[in-house]
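# Structural overview
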Amino acid sequence: MEEELKCPVCGSLFKDPILLPCSHNVCLACARNITVQTPDGETPVQNRASGSSDYDYLDMDKMSLYSETDSGYGSYTPCQLKSPNGVRVFPPANPHRHCSLTCPLCHRSVSLDERGLRGFPRNRLLEAIVARYQQNRAASSSSSSTAVKCQLCDRNPVDAAVMCEQCDVFYCNACQQRCHPSRGPLAKHRLVPPRTQATGGGAASGGGSGGQQPPATARKPATCVDHEAENFNMYCYSCKTPVCMKCLEEGKHAKHDIKPLAVMWKQHKCQISQALNGVSDKAKDAKEFLVQLKNMLQQIQENGVEFEACLVAQCDSLIEALTRQKAKLLTKVTKEKEYKLKVVRDQITHCTMKLRQTTGMMEYCLEVLKENDPSGFLQISDALIKRVTSSQDQWVKGALEPKVGPEFDLTLNTDSLLQTILQLDFCQGKVESGPQVPAAPLLQLEKCCTRNNSATLAWRVAAPPSNPIEGYILELDDGNGGQYREVYVGKETVCTVDGLHFNSSYNARVKAYNTIGVGPYSKTVVLKTSDVAWFTFDPSTAHRDIVLSNENQTVSCNSYDDRVVLGTAAFSKGTHYWEVRIDRYDNHPDPAFGVARINTMKDMMLGKDDKAWAMYVDNNRSWFMHNNSHTNRAEGGITKGATVGILLDLTKHTLTFFINKEQHGPTAFESLDGVFVPAVSLNRNVQVTLLTGLEVPKNIKQ
């Protein structure tokens, strides 16, 4: 938590901290050092030091027009220094000229009014936490019976004579002269006696005799910045600041949302407590995750050494032809090990850093929650709630999962023929010598079949291996003689694969595996899917107003609004044709027919979004529509008993429509690519029946 209590300018614990409009804090003396003069005649347009409601605390996209990086205001003061922690500071500015102050953390600038730094509220809550922290540190230091030793003595360290507040290191006189001289860049560091560091700091901060701090409840109530005789008793929700009654009487917060101070105090405390619960759980998981990662380091080291030893033994047992390959294989193993170690070390470093930040913030928040000063609490509660919520969002899903495993999934097959030694490489899985892996399964051709665009395969094992089979891996190619891919992994010996391409021939093979490794493939079987598509309407994806009947081939609707229903087939290649018969047509509605993506909108006419391509038609004319764009009006409509045909040619990437077997209009859409499903939209005035398995029409006009 100590990092939360240090000034970003001087690097020491806060002394007389003031709260900037950006919710960051600096010491009052440090604020004087970083105040700069603006050029004559220029007045920064940012809000005043007293804090106006116009200041946008949440607009992280706006850059300050008067930050040092933007405007160069820092160059107007000739003497520029740096604090011990590297933050640039400036000599005090002339109070009679225009002055501004830039936050050393977020680099936002604010213009000072006639009150100067007195216009910033004093963060009494942070001051109390610093004093309490110094008291606790002084108490733990005085309770120790042994003197503090020098941390840089090589042997037999002697008692420390000083401690550097910035370096947080204890030095004896000799080591201080040798390693931390009071000159050069270290001249500004503050050296304090090791035993009086905590007690002295507490006395300076508290201002009482003997370093004793008054209890938190004895502090004077907070008073208004503009009316020093008035206590805060209300909270302006619009300005995010406590206010007094005189501020309200003067109309400064007219039409603002004003709430009681105590109510907002309790509400913000509750929000921080709830947010801390989630952060606390993540911190606990992070600690366990760090232990897991550190254990994994040792496992990777051990597994790497063991694997290298096995690899060397195998390579040394081979003939001269293996010599050139041995170095390559060792390099691969070493790279794999180094990669895993690097990934885990990087994860440990990253997770440790985030955990340290989260833990420090949690301790600071817990100290804030102990405070009984509503106005002081509400000065920082908004910013603190955002920090806690943002900290919880850092631990996203997957952040506490190892990116690599400790195992080395590399196997050297020593049964290869001599002429293949020069092409020797690692293969996946762990394989041991001997006939212990499962034999190739036998495909049962009498049980293998296809239906529509689905394929069913069955297999058995000729002779059970010595070790039981744990499962099977079924692989199919892409239906065009391409690479194989896994479509099933499990213990069953029968598998049905859905969603294949129509009018395609697939090669299928299967292999078994057990604890020893993966066995050889079976013989390949060729399965041909249906030439034409047979499908129905899909009740699982249809809108709730859709009514299906006739084994999901007939569709109607309960609503006067258009509703969408999709088909059960999906097409990504080939040429496909189907028709929709108009069974009922009342009051001249305009149903739509076409194709769509699976995630198209179901509560509007087909074609109104960018995921559907359709033709909507009434009794006289029709239009093509995609993404609510209407094109190619054509004369001629539909009546009861008419048929609407849809031709999807994914070889030419086109969509064409037909009415009563005749092409209706030109080619409707071109450049179609991807996966499409048949689709229809209709209302309660229409009922249609789906007709599939049809031949492609011949009378197609280009």
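Residues numbered from 1 in each chain as written. Predicted model: local features only at pLDDT ≥ 70, side-chain atom pairs only at ≥ 80, totals over all residues. Heavy atoms only, no water.

## A closer look at helix 9 (residues 374–394)
Given a rise of 1.5 Å per residue, 21 residues ought to cover 30 Å, and the 29 Å separating the end C-alpha atoms of helix 9 matches this to within 8%. In the structure, helix 9 departs most strongly from a straight axis at S381, where the bend amounts to approximately 45 degrees. Three or more residues of helix 9 are buried, namely S375, G376, F377, L378, Q379, I380, S381, L384, I385, V388 and S391. (Helix = DSSP H or I, 4+ residues; strand = E, 2+ residues; numbered from the N terminus. Expected span 1.5 Å × (residues − 1). Bend = angle between axes of the 7 residues up to and from the residue. Buried < 20%, exposed > 50% of the residue type's maximum accessible area, 1.4 Å probe, protein only.)

## Here's the deal with the nonpolar core
With 79 residues, the main nonpolar core has L5 and Y364 as its most contacted residues. Broken down by element, this core gets its largest block of residues, 17 residues, from helix 7 (residues 261–316). When residues no more than four places from it in sequence are discounted, the contact partners of Y364 are M1, E4, L5, L126, I129, I380 and L384. Among the nonpolar cores identified, the runner-up in size contains 39 residues, and F537, V555, V580 and Y585 belong to it. (Core = buried A, V, L, I, M, F, W, Y, C linked by side-chain atoms within 4.5 Å. Contact = heavy atoms within 4.5 Å.)

## Brief notes about the sheet that holds strand 7 (residues 109–111)
Read from one edge of the open sheet, 3 strands run 3-6-7, paired in antiparallel fashion. Each end of this open sheet is capped by a strand with a single partner; those strands are strand 3 (35–37) and strand 7. Strand-to-strand twist in this sheet, taken as the mean axis angle between neighbours without regard to direction, amounts to 35 degrees. (Pairing = 2+ DSSP bridges. Axes fitted to C-alpha atoms, helices over the stretch in contact; angles between N-to-C directions.)

## Some points on unusual backbone geometry
Of note in the backbone geometry, N503 takes a positive phi value of approximately 50 degrees without being a glycine. Mapping N503 onto the fold places it in the loop between strand 19 (494–497) and strand 20 (505–513).

## Some remarks on the state of the cysteines
Covalently bonding the sulfur atom of one cysteine to the sulfur atom of another cysteine gives a disulfide. For the structure shown, the criterion picks out 0 disulfides. Not engaged in a disulfide, the cysteine C27 finds its nearest cysteine sulfur in C7; these two sulfurs lie 3.8 Å apart. Relative accessible area serves as the criterion here: at 5%, C27 is assigned to the buried category. (Disulfide = S-S within 2.5 Å.)

## With respect to empty space enclosed by the protein
Summed over the entire model, instances satisfying the criterion amount to 3 cavities of 30 Å³ or more. There is about 40 Å³ of room inside the second largest cavity. Listed by contribution, the elements that provide at least two residues to the lining of the second largest cavity are strand 25 (575–585) and strand 33 (677–682). Element by element, the count of residues in the lining of the second largest cavity is highest for strand 33, at 3 residues. (1 Å grid on protein atoms, 1.4 Å probe; cavity = no way out; pocket = protein on both sides within 12 Å on 5 of 7 lines; lining within 4 Å. Points joined across faces, edges and corners; volume = space filled by probe spheres on them.)

## Things to note about the environment of F658
Summarising the element assignment, F658 is placed in strand 31 (residues 654–659). Not counting residues within four places of it along the chain, the set of residues in contact with F658 comprises Y577, T643, V644, G645, L647, Q663, H664, P697, N699 and I700.

## Brief notes about the side chain of H268
With respect to the helices and strands, the residue H268 is situated in helix 7. Among the polar contacts listed, one links the side chain of H268 to the side chain of S381, at a separation of 2.6 Å. In contact with H268, other than residues within four places in its own chain, are Y235, F377, L378, S381, D382 and I385. (Polar contact = N/O pair within 3.5 Å; in protein donor to acceptor, adjacent residues only side chain to side chain.)

## Concerning the confidence of the model for the chain
The predicted structure's coordinates, where accompanied by low pLDDT, should not be read in detail. Per-residue confidence for the chain gives a mean pLDDT of 80; residues scoring 70 or more make up 81%. Scored below 50 in pLDDT, residues 196–217 shows 28 contacts in the model against residues more than four places distant or in partner chains. (pLDDT = per-residue confidence, 0-100.)

## Concerning the pattern of salt bridges
Counted according to the given criterion, the structure contains 22 salt bridges. Among the salt bridges present, the one from R563 reaches D545, with a minimum N-O distance of 2.9 Å. Note that R563 is positioned in strand 24 (residues 563–566) and D545 in the loop between strand 21 (525–528) and strand 22 (546–549), a separation of 18 residues in sequence. Each member of the pair R563 and D545 is classed as buried. For D618, the salt bridge identified is with R621, shortest N-O distance 3.9 Å. Taken together, the shared-partner salt bridges in this structure form one network comprising R132, E367, K370 and E371. (Salt bridge = Lys/Arg side-chain N within 4 Å of Asp/Glu carboxyl O.)

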